[in-house]
Amino acid sequence: MADELWQIATSIKSLKAGWHLTRAETRSDFVQDYLLVDSFAYNLDGHVKELRRQLVTNTYEPRPPIRIDVPKAAFGIRPGSLISLHDRVVLYSIIRTIGSTFDGKLSDCVYSYRLKDKPTREALFKESDVLDIPFLKGATIREKVDPFEPWYGLWPEFDAKSREILESGYRYLSVSDIAAYFENISLPILRDQLLRILPEEHKIVNTICQCLEAWAVKTEDGFRPHRGIPQGSNIPSFFGNFFLRPIDQHFETAFGKDEIKYYRYMDDIRIFSKELTVARRCLFDLERQIRKLHLNVQSAKTRILDEKMGEISDSLIDHRIDRIRDLREQDDFLEDRKSSIAKLKQIGVLEPNRRSGVKLTDPRRKKDDLSLRAFRMWCNSLLGLRSPHYLNHLKREAKINSDHRITRIFIQSCRTFPRHANLSNFITEYISSDFNIFPYQEAEFIHALRYMSRLPASAHTNAVVNILDQKKYFYVRMQSCLLAGRLMLAEKELQAIMELLDTETDEHVLSHLAVPLAQLDGTDGEKVVRFYLHHQNPRLSMIGQHIVGIRDVDDYSKKFLSHAIDKKALMRVCDYVGILWYVTKSDNPRILQNMIELLDEVGPQHPVVELRDLLGSMNTTASAQREAYEGN
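Residues numbered from 1 in each chain as written. Predicted model: local features only at pLDDT ≥ 70, side-chain atom pairs only at ≥ 80, totals over all residues. Heavy atoms only, no water.

Undergrad: In this structure, what is going on with the overall build of the chain? I would like to understand it.
TA: Summing up its helical and strand segments, the chain has 32 helices and 6 strands in all. At 26 Å, the chain has a C-alpha radius of gyration in line with the 26 Å of a compact globule built from 632 residues. Across its three principal axes, the chain shows a C-alpha extent of roughly 90 × 65 × 50 Å. Long-range pairs, those at least 24 residues apart, make up 73% of the contacts in the chain with a sequence separation of at least 6. (Helix = DSSP H or I, 4+ residues; strand = E, 2+ residues; numbered from the N terminus. Rg over C-alpha atoms; globule rule 2.2 N^0.38 Å. Contact = heavy atoms within 4.5 Å.)

As structure tokens, this is what we get:
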């Protein structure tokens, strides 16, 4: 039957599953927007029903993503994107529906984006009330909603298979690199591939292609080419993974069974062979197949590695990664904390087994890819054990290496060690130094500041200056708004920020101005709420509905407050503290009482010392508001 899968993908249940996959992914977004995610989550039924209405009436329109230059390694840039929340819900619902069909077409030699135990479509959509819950735990999403194996399980399998082949006598490895792979994927070719797999599903194919075309980067003249898919989400990666299927099919049949061993993880292609002549043929064949897909190879990265010279091991194997992985897989890794920390300290000073490797604790030399991966694993392992041993090494690396993965470890370190003043001092010094050349990294460091127990003296002034400077990078201003949420702003500062409501053009900044403006009282406070609630921009209107919900609606507010002020996750309130001021102005005594009780549990012993006073002020304000209501 035509468009049978479309009926499944546009069902309420499937779209809710798409929401949960989207929310799980937002935790690793290049730009994290708690405010928008919460606004969608707490009115999940309403937003999903509206999405379905637009889809079935052919009125759904995808939104262009936000382009973000994300630092990669020491000197590189990754062209990242922030795809619309609504687009991701729709596309995740579709991918979940077509996943088993596409997985069945992929060769066993492909390790990326594979289904768990090859489930049937019916198994993916068992009836479950769990989908109605707006906030599912990550483990629940992985177990009950996500049909795909996580990357951190599949990559080690891909790596282990490469080692197995290497040990079985395949001396040569042919490697190349596709130039700017995601940016050069041909959308017409991808459409043809989709139609060949889903010939009866024109609505699904059209919706996918409509989104991908809307996501393509415009030229300066406004032309949107039919080329390129964004990075920063598993959705385009799913289609990017399938796009290379013709190459898989070629190498499955073009050579003898034992002549070569071909394996692929996304666009990382590894072709092992026993003879040099075969290795050369593989490279020529690979280039021809890549060009058939209207892609190009990077000649400088095309080569044949010879294990007799130790070249394959040197490029694929780092014993420190193996040792860290083995240590973390031990049953007593967390329980025997002292022993685990001691072993990690030993790994930190090990000399690398590779010629191009760099000692993890060596601050003088730039780390190659494998050494940097080992360093991140080492830091994360010590972080998981709550050992600060790695912090000085992390600071040195962050100073010379703007890679966003290093910065994310730094943010998590600030959440874990909020009283380490040297972390906040490092951020202050770095932002004011000549090393600060990436606005994205500056924004991430401002993000990290809001978890510190005591803010540097300059943090208050800098946050307000960043918010008011409309020439500043949008993400720097977003994070400054969230940081301002844990400050007590002067009336003059609040009025200056309020004036931006009339002039600000960036919707991401505009939505986050709601955080510092939550401190406004009386008529001005009501003006702010009405501004968002009645705004013609759907994103801002959604923020307004969220503010009204947490302030005035019993069940809505209860769910939000129990999530934001949670004694089992004390640091979470650092992300929500600014928006909580709206709740203190509620006219609902039940909401106020709930807030007071939660603040009583969390505020007095919070590890962020300066936050104790702020939460105490909120408690006092909420108590006074409740008493005034009861007195009337």
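Undergrad: How do you make sense of helix H23 (residues 474-484) when you look at a structure like this?
TA: Residues that lie three or four places apart on an α-helix share one face, since the helix turns once every 3.6 residues. Where burial is concerned, most of H23 is hidden: 11 out of the 11 residues are buried. Those residues of H23 that fall on the buried side of the exposure criterion are Phe474, Tyr475, Val476, Arg477, Met478, Gln479, Ser480, Cys481, Leu482, Leu483 and Ala484. Here the buried face of H23 lies against strand S1 (66-72), helix H19 (404-416), helix H21 (439-449), helix H22 (458-468), helix H25 (507-512) and helix H29 (573-576). (Buried < 20%, exposed > 50% of the residue type's maximum accessible area, 1.4 Å probe, protein only.)

Undergrad: What is the right way to read the pattern of salt bridges from this model?
TA: Close approach of charged atoms allows side chains of opposite charge to pair. Applying the stated criterion to the full structure yields 38 salt bridges. Between Arg264 and Asp248 there is a salt bridge; the shortest N-O distance is 2.8 Å. Of the two residues, Arg264 is situated in strand S4 (residues 260-265) and Asp248 in helix H12 (residues 245-253); the sequence distance between them amounts to 16 residues. Taken individually, Arg264 and Asp248 each receive the classification buried, so the pair is uniform in this respect. The shortest N-O distance in the salt bridge between Lys472 and Glu442 comes to 3.5 Å. Note that Lys472 is positioned in the loop between H22 and H23 and Glu442 in helix H21, a separation of 30 residues in sequence. A relative accessible area of 29% means that Lys472 is categorised as partly exposed. (Salt bridge = Lys/Arg side-chain N within 4 Å of Asp/Glu carboxyl O.)

Undergrad: Is there a simple way to explain the sheet that holds S4 in this structure?
TA: Adjacent strands of a sheet pair through backbone hydrogen bonds, lying either parallel or antiparallel. A sheet is described by the order of its strands in space; here 4 strands give the open sequence S4-S5-S3-S6, paired in antiparallel fashion. Looking at which strands have only one partner, the edges of the open sheet turn out to be S4 and strand S6 (303-306). Pairwise comparison of adjacent strand axes, ignoring direction, gives a mean angle of 20 degrees for this sheet. Alignment of strand S3 (residues 172-175) against S6, held across 4 bridges, turns out to be antiparallel. Across the sheet, Tyr172 pairs through a bridge with Asp306, a residue of S6. (Pairing = 2+ DSSP bridges. Axes fitted to C-alpha atoms, helices over the stretch in contact; angles between N-to-C directions.)

Undergrad: Just to check I follow, could you spell out the nonpolar core for this structure?
TA: Within soluble globular proteins, side chains that are nonpolar generally end up buried alongside one another. Grouped together as the largest cluster of nonpolar side chains are 110 residues, with contacts concentrated most on Trp378, Leu513 and Tyr582. It is helix H17 (residues 369-384) that contributes the most residues to this core, 9 residues altogether. Setting aside chain neighbours within four positions, we find Leu513 in contact with Ile467, Cys481, Ile497, Leu500, Leu501 and Tyr532. Residues Leu36, Ile83, Phe238 and Cys282 belong to the second largest nonpolar core, which totals 86 residues. (Core = buried A, V, L, I, M, F, W, Y, C linked by side-chain atoms within 4.5 Å.)

Undergrad: What should I look at first to understand the state of the cysteines in this one?
TA: Linking two cysteines covalently via their sulfur atoms produces the bond known as a disulfide. Applying the stated rule across the entire model yields 0 disulfides. As a non-bridged cysteine, Cys109 has Cys282 as the owner of its nearest cysteine sulfur, 13 Å distant. (Disulfide = S-S within 2.5 Å.)

Undergrad: Would you explain the confidence of the model for the chain in this entry?
TA: Low pLDDT marks regions whose predicted coordinates should not be analysed in detail. Per-residue confidence for the chain gives a mean pLDDT of 91, with 94% of residues at or over 70. In the predicted structure, residues 119-130 sits below a pLDDT of 50 and forms 20 contacts with residues beyond four places in sequence or in another chain. (pLDDT = per-residue confidence, 0-100.)

Undergrad: Hey, could you run me through the packing of aromatic side chains in this one?
TA: The geometry of an aromatic ring pair is captured by two quantities: the separation of the ring centres and the angle between the planes. Under the defined criterion, the tally for this structure stands at 27 aromatic pairs. Taking 5.1 Å as the distance between ring centres and 65 degrees as the angle between the ring planes, the aromatic pair formed by Tyr473 and Phe474 counts as edge-to-face. Classification of Phe474 as buried rests on a relative accessible area of 10%. One aromatic cluster is present, built from ring pairs that chain together Tyr34, Tyr42, Tyr556, Phe560 and Tyr576. Taking NZ or CZ as reference, Lys274 lies 4.8 Å from the ring centre of Tyr170, over its face. (Phe/Tyr/Trp six-rings, centres within 6.5 Å; stacked < 30°, edge-to-face > 60°. Lys NZ or Arg CZ within 6 Å of the ring centre and 35° of its normal.)

Undergrad: Whenever I open this one, H19 confuses me. Can you help?
TA: With 13 residues, H19 should reach 18 Å at 1.5 Å per residue; the first-to-last C-alpha distance of 18 Å fits that figure. In terms of residue burial, H19 counts as a mostly covered element, since 10 of its 13 residues are buried. Buried within H19 we find His404, Ile406, Thr407, Arg408, Ile409, Phe410, Ile411, Ser413, Cys414 and Thr416. (Expected span 1.5 Å × (residues − 1).)

Undergrad: Help me understand the packing of H17 against H19 in this model?
TA: Think of two packed helices as two axes; the pair is described by the angle between the axes and how far apart they sit. Running from N to C, H17 and H19 point in directions that differ by 10 degrees, and their axes come no closer than 11 Å. Judged by the inter-axis angle, H17 sits roughly parallel to H19. Contact residues: H17 offers Leu372, Phe375, Arg376, Cys379, Asn380 and Leu383, while H19 offers Arg405, Ile406, Ile409, Gln412, Ser413 and Thr416. For the contact of H17 with H19, a count of residues per class yields 6 nonpolar, 4 polar and 2 charged. (Parallel < 35°, antiparallel > 145°, perpendicular 65-115°, else oblique. Nonpolar A, V, L, I, M, F, W, Y, C, P; charged D, E, K, R; others polar.)

Undergrad: Just to check I follow, could you spell out the packing of helix H24 (residues 491-499) against helix H26 (residues 522-533) for this structure?
TA: At their nearest, the axes of H24 and H26 sit 12 Å apart, and the two run at 30 degrees to each other. Judged on the interaxial angle alone, H26 and H24 are roughly parallel. The handedness of the crossing between H24 and H26 is left-handed. On H26, the residues touching Glu491, Gln495 and Met498 of H24 are Asp524, Lys527 and Val528. Its residues placed into classes, the contact of H24 with H26 shows 2 nonpolar, 1 polar and 3 charged. (Left-handed = near helix turned anticlockwise from the far one by under 90°.)

Undergrad: It is not clear to me how unusual backbone geometry should be interpreted in this structure. Could you clarify?
TA: With glycine set apart, most residues show a phi of negative sign, and most peptide bonds adopt trans. For Asn58, which is not glycine, the phi dihedral falls at a positive 60 degrees. Of note, the phi angle at Arg386 is positive, near 60 degrees, even though the residue is not glycine. Tracing the chain through its elements places Arg386 in the loop between H17 and helix H18 (391-400).

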